[in-house]
Amino acid sequence: QRPAEDVVTVASKFKQRYECRLPPAAVRRQPDPEEEAQLYNGSGVAELLRPMGAAPCLVKTKDWWTYEFCYGKHIQQYHVEESEIKGDVLFLGYYQSAFDWDDETAKASKQHRLKRYHSQSYVNGSRCDLTGRAREAEVRFLCEEGAGDYIARVDEPQSCSYVLTVHTTRICHHPFLRPPAGAAPQPILCQPALSPAQYVEYVRAQVSDTKRKVEEISEELKTLDTRLWSERDAETPAQPPEGAPAARGDAAPGDEPDPATEVALWERVREATGKAGGQQDNARVSPQHARKKIHFKVIRSPGDLLQFIEELKESTKKVGE
């Protein structure tokens, strides 16, 4: 059974009420990172990132400047021409500290958890001519599945104060830094919320529409049936095709065919066959023999009628061949 909260009733501007069902994914409870962290027994964030200290420094060129980040050491800024450093090398900061996930009173802890990133502080960089203070930088580490380590962007929200965003796959196993599950759009199914009287009227309309379709198919069946028997009389088949449905398709199981009608029918077939072959067949066709060759088709639905029409068309084609 669906939970009660997945059914929502809304009203349109025409005052028509609708009942809408939310997909199961919309009401499924998302895992809480805090609960996941309690069950997590893997390495901490600092331990996951420690191997970056032995890896090559990360480099990114943005406009005039090239930025070089060496994990746990320093951040540099310089200009490169023809693969050589031209001018002064500026230090944006030296490593000072990292965010402590175990400290509940740590500054901006809520922001770190909400935006799912780990950060390090780099301070005491080269003196800034605009502020007269030392340059400083914050490095933010974000999870990116299947990626290496690279500087995704460099921002300067304030003069000589920088933010480097580093994407890495090393921290994706940690529950605090793992990206949330993808929220793909889900369809919401709605239908009119009918009153009892409206529902009865709706059912009547459905029945009327079904009856109309059956009548249309019946008219097509009659036309095809008439053409079929006319062609059979003209082409003089030796005997009815095995498994062919009863003439006119209106016989039902348990009905007893009229022997006189059957004899007259097979007499017509015998006479036509004799004329086509140039000889008269004096053998009589007994009602019992004719009854064995007649098969009845039970029509229970419009689908049965359509199938019967296709069988008649196929039978007509075979007779023509």
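What counts, and where the lines are drawn
- Residues numbered from 1 in each chain as written.
- Predicted model: local features only at pLDDT ≥ 70, side-chain atom pairs only at ≥ 80, totals over all residues.
- Heavy atoms only, no water.
- Core = buried A, V, L, I, M, F, W, Y, C linked by side-chain atoms within 4.5 Å.
- Buried < 20%, exposed > 50% of the residue type's maximum accessible area, 1.4 Å probe, protein only.
- Helix = DSSP H or I, 4+ residues; strand = E, 2+ residues; numbered from the N terminus.
- Contact = heavy atoms within 4.5 Å.
- Salt bridge = Lys/Arg side-chain N within 4 Å of Asp/Glu carboxyl O.
- Disulfide = S-S within 2.5 Å.

Caption draft 1: Region of interest: the nonpolar core. Grouped together as the largest cluster of nonpolar side chains are 26 residues, with contacts concentrated most on Phe 69, Ile 75, Val 139, Phe 141, Leu 164 and Ile 171. Elements supplying a minimum of two residues to this core: α3 (45–49), β4 (65–70), β8 (136–143), β9 (150–158) and β10 (161–168). Looking at which element gives the most residues to this core, the answer is β8, with 4 residues. Apart from the residues within four sequence positions on either side, Phe 69 is in contact with Met 52, Cys 57, Leu 58, His 74, Ile 75, Gln 120, Tyr 122, Val 139, Phe 141, Ile 151, Leu 164 and Val 166. Leu 228, Leu 305, Ile 309 and Leu 312 belong to the second largest nonpolar core, which has 8 residues in total.

Caption draft 2: Local environment of the pattern of salt bridges. Applying the stated criterion across every chain yields a total of 10 salt bridges. A salt bridge links Glu 19 to Arg 21, with the nearest nitrogen and oxygen atoms 4.0 Å apart. You can call Glu 19 partly exposed: its relative accessible area is 27%. One salt bridge in this structure joins Glu 216 and Arg 212, with 2.9 Å as the shortest N-O distance. Pair noted here: Glu 216 and Arg 212 are both in helix α5 (residues 196–235), with a separation of 4 residues, about one helical turn. Residue class for Arg 212 comes out partly exposed when judged on its relative accessible area of 38%. One salt-bridge network, held together by shared partners, links Asp 209, Arg 212, Lys 213 and Glu 216.

Caption draft 3: Quick peek at the state of the cysteines. This structure, assessed with the given rule, holds 4 disulfides. Between the sulfur atoms of Cys 57 and its disulfide partner Cys 70 the distance amounts to 2.0 Å. On the sign convention where negative means left-handed, the S-S torsion of about 110° between Cys 57 and Cys 70 marks this disulfide as right-handed. Here Cys 70 lies in strand β4 and Cys 57 lies in the loop between α3 and β3 (58–62), a separation of 13 residues in the sequence. The exposure class of Cys 57 is partly exposed, given its relative accessible area of 34%. Between Cys 143 and Cys 172 runs a disulfide, and the two sulfur atoms are separated by 1.9 Å. Because the torsion about its S-S bond is 105°, the bridge between Cys 143 and Cys 172 counts as right-handed.

Distances and angles like these do not, on their own, reveal function.
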